[in-house]
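Per-entry structural report
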Amino acid sequence: MEPVAEPVAEPVAEPVAEPVAEPVTEPVAEPVAEPVAELVAEPIAEPISISVQDDAFPLEGGTGVGTNVEAESDVDSEEFLSEYCSGGSSKTTSLAPSVFSYTYANGRRYHSDRFKSEYFMPNDETEQSRLDLYHHIFGLLLGGKLYTAPLDHPQRVLDVGTGTGLWAIDFAEENPGCEVIGTDLSPIQPAWVPTNVKFEVDDMEEQWTYPNNHFQYIHIRSLSGSFTDWDRVLKQAYKALEPGGYVEFQDYGCQVFLSDGTLLDRDSDKYPIASYFHHVMGAAERQGKPMVVAPTMKERMEKVGFVQCKARIEIWPLGLWPKDKRLKEIGKWGLLGTLESLYPFGVHIMTKEGWSPERIKELCDWTAKGMYKNNYYTTGWFVYGRKPEEAVY
């Protein structure tokens, strides 16, 4: 009877639990956080939480023009910039080889010369990065919104001068039931986009080929200085909109102010940016493509026949000098955008005035240095109008 209760149970309980717990917690968190927060992540979180209400904006020509903005002392913009700044009627076509026959001047690449229109900004990778930065700035100005018109689930939307296509893509993602068309002189948009957005190469200063009464919303952004006849462009937008549809113009005002609201509207040795604007804006005017069109846009829309036209003006600081946290955030990227824009804005226009690239660079460098010493702002304009319900076409 002795061999029944042998020692079988003891070895079973040992090899199960102990070695698992210790190695799990250590290698996960530390190396991931640092590379992420450079150009993309920081500015996005705050503006999205801003509630965009009508009373949050200066309305109808309001306080954005000539406003005294409180400045903060001892702000080092150069430290921020050292990290980021690199320097300074045709029918709608499919992508025929000629649209890729870019032209080159002053070391930059421009759109194909197959079109009658001549757009003064380049279309190379540097310019595409600049356009993407300005898309971000417009988002900051509107607290994350893409438009100010009172839209009601539009089904067909046109984005005139779409550039890299970010606005059209974002709008299409927000409105999956809407067909969005983006047009541009250059085929520089991404290939992988939402299924409800498409891009077309077209010259929007020639005769539009879209049916009358077709779109519910037409978006026009950052095209000051692009058209010789804004009234004609707006008339074509009017025809292409269905009754009750909206057109919206968004751009900066192409005017610069001191923080106390003083408009810098003449040549100046004290304020380099005033000299820059004096030369470049004056040259654009003489060449028949004025840049200072935003302040005239509401009146132009009303002249064409749009009703319920409204203009909203946002202060757009050019530096980290504002005390207000939201304006400081806008100003940080506004300064970077300005420095990236000085030379490409000026070189194409001023060489037509007989300036050498070297002289233009001197003006841009002088202007850039002055950006750190003075508290400047420009204005962002958001102007929309509605096609009357009773309109015939």
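Whatever comes next refers back to the structure up there.
Treat the numbers as computed from the prediction; the structure is a model and nothing was measured. (Residues numbered from 1 in each chain as written. Predicted model: local features only at pLDDT ≥ 70, side-chain atom pairs only at ≥ 80, totals over all residues. Heavy atoms only, no water.)

What follows is about the pairing of strand β3 (residues 156–160). Counting buried residues in β3 gives four out of five residues, a clear majority hidden from the surface. As defined by bridge partners, β3 adjoins strand β4 (residues 179–184) across five bridges and the pair is classed as parallel. Across the sheet, Leu158 pairs through a bridge with Ile181, a residue of β4. Since β3 and β4 lie parallel, the crossover through helix α5 (residues 166–174) that links them has a hand, and here it is right-handed. Both β3 and strand β6 (residues 215–221) contribute to a ladder of four bridges, which runs parallel. If you follow Val160 over to β6, its bridge partner there is Ile220. (Buried < 20%, exposed > 50% of the residue type's maximum accessible area, 1.4 Å probe, protein only. Helix = DSSP H or I, 4+ residues; strand = E, 2+ residues; numbered from the N terminus. Pairing = 2+ DSSP bridges. Right-handed = clockwise from strand over helix to strand, strands pointing away.)

Our focus in this paragraph is helix α10 (residues 357–371). With 15 residues, α10 extends 21 Å from end C-alpha to end C-alpha; this agrees with the ideal 21 Å at 1.5 Å per step. Among the structural elements, α7 (272–286), α9 (325–351) and β10 (376–386) are those in contact with the buried residues of α10. (Expected span 1.5 Å × (residues − 1). Contact = heavy atoms within 4.5 Å.)

Turning next to the packing of α7 against α9. When two helices pack together, their arrangement is given by the angle between their axes and by how far apart the axes lie. For the pair α7 and α9, the least separation of the axes is 9 Å and the interaxial angle reads 45 degrees. The angle between the axes of α7 and α9 places the two elements in the oblique class. Read as a crossing pair, α7 and α9 show a hand that is left-handed. For the pair formed by α7 and α9, the contact residues are Tyr276, His279, Val280, Ala283 and Ala284 on the first element and Ser341, Leu342, Phe345, Gly346, Ile349 and Met350 on the second. Split into classes, the residues belonging to the contact of α7 with α9 amount to eight nonpolar, three polar and no charged. (Axes fitted to C-alpha atoms, helices over the stretch in contact; angles between N-to-C directions. Parallel < 35°, antiparallel > 145°, perpendicular 65-115°, else oblique. Left-handed = near helix turned anticlockwise from the far one by under 90°. Nonpolar A, V, L, I, M, F, W, Y, C, P; charged D, E, K, R; others polar.)

Taken across its six residues, β4 has five buried, putting it largely inside the fold. Judged from the five bridges that link them, β4 and strand β5 (residues 197–201) form a sheet pairing that is parallel. If you follow Gly182 over to β5, its bridge partner there is Phe199.

Attention shifts here to the nonpolar core. Within the largest apolar cluster, 49 residues are counted, with the highest numbers of intra-cluster contacts made by Leu264, Ile273, Tyr276, Met291, Trp316 and Tyr376. Broken down by secondary-structure element, the contributors of at least two residues to this core are α4 (125–141), β8 (257–258), α7, β9 (307–317), α9, α10 and β10. Counting residues per element, this core draws most heavily on α9, which supplies 12 residues. (Core = buried A, V, L, I, M, F, W, Y, C linked by side-chain atoms within 4.5 Å.)

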